[in-house]
Each structure stands twice: as C-alpha cells, then as structure tokens.
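Commentary on secondary and tertiary structure
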Amino acid sequence: METSETPKTLLEAVTFFSDEDRAHAFFVAMRWPNAVTCPHCSSANVGNLSVSRKPGQAGKPDKVRRVWNCKACKTQFTAKVGTIFEDSPLPLSKWLPAVWLVVNAKNGISSHELGRALGITQKTAWFLAHRVREAIQRGGGVVRLDGVVEVDETFIGGLARNMHKDRREKAINGTGGAGKTAVMGLLQRHSEKVPSSKVVARVVPNTRRATLTPIIKNVVVQGSEIQSDALPSYKSLASEYVHRVVDHAEAYVQDGVHTNGLENFWSLLKRTIKGTHVHVAPYHLFRYLDDQTFRFNERTENDQGRFVEAISTAKDRRLTYKRLTGKTDQGEG
Ligand SMILES: [Zn+2]
C-alpha cells in the first residue's frame, strides 16, 4: 500500500504515527487491504468489538485495545496477531516509526539511538530492532542470482579476549584469525534486465570448499558466470558455471574480472558494524547482514518505498524473545 497518506520523511513518519489511532488504521489498511479476516481461520465473518479500554486506563490513547471477534472459530484477535508485533505491549505508534528508523538509517541504527528516539529503554529497543530485522529478512535460498555473479568472502572481527576459551581456540584453528566470523557474499551485477546489483550474504563456519560450494549452487543459477579471486575453495565451479578468476596478488581487475561490487558491500557492512553497533555477537551477525543486505538491495527505493516494503513483509512472521536470545546473551548495541 502506498498512498498520499504514507509519510515521506523521518520527521513526517514520527509525526504521522505518533497518533495511535492513525498508526493503527494505517497498519490495518496495509494488512487487510480489502476486508479484515481472522488470522486463525481466515474467515471474513468477523465483528469489530470496537474500542475497549483496560480497566482504569480510560482515556489513555496508547492503552486502547482494538479487538475483533471471529464468528467462525470464536476467537478474538487484534491487528498484531500473527505479525512481528504480536505479544508486544508497545503500541504501533512506537513500532511503525521504529520500522522506519531501522530500514532507512543509512549506516544502521544502534539500540541506544533507537531507544532515545522513541522514548523506550535500550533493551526494549534492541529487541524491537531485531524483530524488524526478522521482518525484512529474505528467506534462505529463495533469492536466486544469475547473469554475472561475484563471489567473495570476508571476516568480521570480534576480539578474541571477549570469547570463551574453547570458542577462541576454535576460531584460531579455523580460518580468518582469532575471534573473526567468516561471511560469504554473492553479488549479481547489474545488467539490462536488473537495473541495480543485488546481494546475498551468509555467515559461514569457515571458507572451505565444502562450505562454500553448496551455498553457491543453492543461490546461483547453473550456467551463470561466476567471478571470484583465486581462493582454492572456488576451484571445481567450472563444471557447472563459467568461472573466471582474478588473482588479487597481481591486480584488482583482470580482463573485466573483479569482485569490486562485493568489496564495496563489505566496506559498507564493516562501517555499519564498527560505527553504529560497536560490538556484534557472532550469533547475531546474520541479522545485521540481513539488515545491510535489505538496505543495499532496496537502495534505489526512497525511504517511503523501503518502509512500505518492510511493513508488507511484517505479516506472518514472528520472532519470540526466547528464540531471539536462546543461544546467547544480549550485550551488543
Ligand atoms: Zn477464525
């Protein structure tokens, strides 16, 4: 949904959505463009219980509950049910500007900044930003690249002294040096068909052939041209692809073969992580990758376009606090 009502700038977004009624109406129109249907059974036979207020909270706009009841399956639901906003006590007047901020901040936004901008705690902002990142995540393996595709890998550094001993040794014995997390990137170069280049990036346990080859086969359409550096892990691609190699020991570009598109992406990614988030736990790195990839791939969209794109994927995706924090603590920005 894109109407003249949709805000165009951050200032407009914060102002527009600061009114909970307006934020709610906007989200409902976006989620159910034709008619409200039950998120449990998809029935359109629903009634609006209109506006009910929690006892003792009369008059407080952000405590207003907007509830429907389904006459088919006899359940009640709100617009948040089945979305990344479900179970969150935060009103949409906080959520929608948060989505705007996360998807449009050129170098990312830290949970500290986000918390200050929205008047919520850093911890709440951290969780909220990760939910937004979940919403904009493109499903693994769904994106397929063809034409001329650059393949490259990089290492994102955490400091070894921050890691537990066993993990530190694992990191040292793997590739990339102490505490570094390996990331693999694939970039489809722009062409007549595709006006701007497109990136897929993944956190990988190492850069060995057995790790990288299946990802390439999953993402890159067979018969495409792959350009990479001389890393031995990329040998053997020639059976299914046109594989052209640039030897970085000799030059950055050889006969039109280079990985400069990914070099550019890596520098944007590293600037974001270093400058904005300061420290990113390896377990959470893939979310920042999704974040950066989304902004990169949607870079020809304006702020409004990116926001609408993110919101329209916020349906049918949920990230619970348990799943989000299940494997690690949350000390990062
Ligand atoms: Zn129902």
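Further up the page is the structure itself.
Let us look at the structure shown here.

How each quantity is defined
- Residues numbered from 1 in each chain as written.
- Predicted model: local features only at pLDDT ≥ 70, side-chain atom pairs only at ≥ 80, totals over all residues.
- Heavy atoms only, no water.
- Helix = DSSP H or I, 4+ residues; strand = E, 2+ residues; numbered from the N terminus.
- Buried < 20%, exposed > 50% of the residue type's maximum accessible area, 1.4 Å probe, protein only.
- Contact = heavy atoms within 4.5 Å.
- Areas by Shrake-Rupley, 256 points an atom, 1.4 Å probe, with all protein chains shown as cover.
- Donors = N, O, S within 2.8 Å, 3.2 Å for Na, K, Ca; no water.
- Tetrahedral: all angles 85-135°; square planar, octahedral: opposite > 155°, others 65-115°.
- Phe/Tyr/Trp six-rings, centres within 6.5 Å; stacked < 30°, edge-to-face > 60°.
- Lys NZ or Arg CZ within 6 Å of the ring centre and 35° of its normal.
- Core = buried A, V, L, I, M, F, W, Y, C linked by side-chain atoms within 4.5 Å.
- Pairing = 2+ DSSP bridges.
- Axes fitted to C-alpha atoms, helices over the stretch in contact; angles between N-to-C directions.
- Parallel < 35°, antiparallel > 145°, perpendicular 65-115°, else oblique.
- Nonpolar A, V, L, I, M, F, W, Y, C, P; charged D, E, K, R; others polar.

Another aspect to go through is the overall build of the chain. Counting its secondary structure elements, the chain contains 11 helices and 8 strands. When each of the 333 residues of the chain is scored for burial, the buried share is 48%. Across the chain, the fraction of contacts at a sequence separation of at least 24, relative to all contacts at a separation of at least 6, is 65%. Of the roughly 16500 Å² that the chain leaves accessible, carbon and sulfur atoms contribute 51%.

Within the protein, the zinc ion binds to Cys 38 (SG), Cys 41 (SG), Cys 70 (SG) and Cys 73 (SG); these donor distances fall in the range 2.3 Å. Its 4 donor atoms give the zinc ion angles of 105 to 114 degrees at the centre, a pattern that matches the tetrahedral case. Each donor residue of the zinc ion lies on one chain, and together they are spaced C-x2-C-x28-C-x2-C.

A few words now on the packing of aromatic side chains. In the structure shown here, the tally under the stated rule is 10 aromatic pairs. Their ring planes at 65 degrees and their centres at 5.6 Å tell us that Trp 32 and Trp 68 sit as a pair that is edge-to-face. On the criterion of sequence distance, the pair formed by Trp 32 in the loop between α2 (20-31) and β1 (46-53) and Trp 68 in strand β2 (residues 64-70) is long-range, its members being 36 residues apart. Of the two residues examined, Trp 32 and Trp 68, each falls in the buried class. Within the aromatic cluster, the residues linked to one another by ring pairs are Phe 16, Phe 17 and Phe 26. The cationic tip of Arg 22 hangs over the ring face of Phe 16; the distance from NZ or CZ to the ring centre is 5.3 Å. We note Arg 299 situated over the ring of Phe 296; from NZ or CZ to the ring centre the distance is 4.1 Å.

Now for the nonpolar core. Phe 77, Phe 85, Leu 96, Leu 114 and Phe 307 are the most contacted members of the largest nonpolar core, which has 45 residues in total. Of all the elements in the fold, those that place two or more residues in this core are α1 (10-17), α2, β2, α3 (92-104), α4 (111-118), α5 (122-136) and α10 (303-312). It is α3 that contributes the most residues to this core, 9 residues altogether. In contact with Phe 77, not counting residues within four places along its chain, are Trp 32, Val 36, Thr 37, Cys 38, Pro 39, His 40, Val 46, Arg 66, Val 67, Trp 68, Asn 69 and Cys 70.

On to the sheet that holds strand β5 (residues 180-188). Adjacent strands of a sheet form backbone hydrogen bonds with each other and so pair up, either parallel or antiparallel. A sheet is described by the order of its strands in space; here 5 strands give the open sequence β6-β5-β4-β7-β8, paired in mixed fashion. If you trace the sheet from one side to the other, it starts and ends with β6 (198-204) and β8 (242-245), each paired once. Across this sheet, the average inter-strand angle for adjacent strands is 25 degrees, counted without regard to direction. In the sheet, β5 pairs with β6 via 7 bridges, with the strands oriented antiparallel. Considered in β6, the bridge of Met 184 is made with Arg 202. Where helix α8 (residues 260-277) meets the sheet, it contacts β4 (148-157), β5 and β6, and its direction lies at approximately 30 degrees from that of β4. Contacts from helix α9 (residues 285-297) reach β4, β5 and β6, with the element oriented near 175 degrees to β6.

Put simply, α4 and α5 touch, their axes get as near as 8 Å, and they point 105 degrees apart. The pairing of α4 with α5 is recorded here as roughly perpendicular in orientation. Mapping the contact onto sequence places Ser 111, His 112, Leu 114 and Gly 115 in α4 and Gln 122, Ala 125, Trp 126, Leu 128 and Ala 129 in α5. Here the residues of the contact of α4 with α5 sort into 5 nonpolar, 4 polar and no charged.

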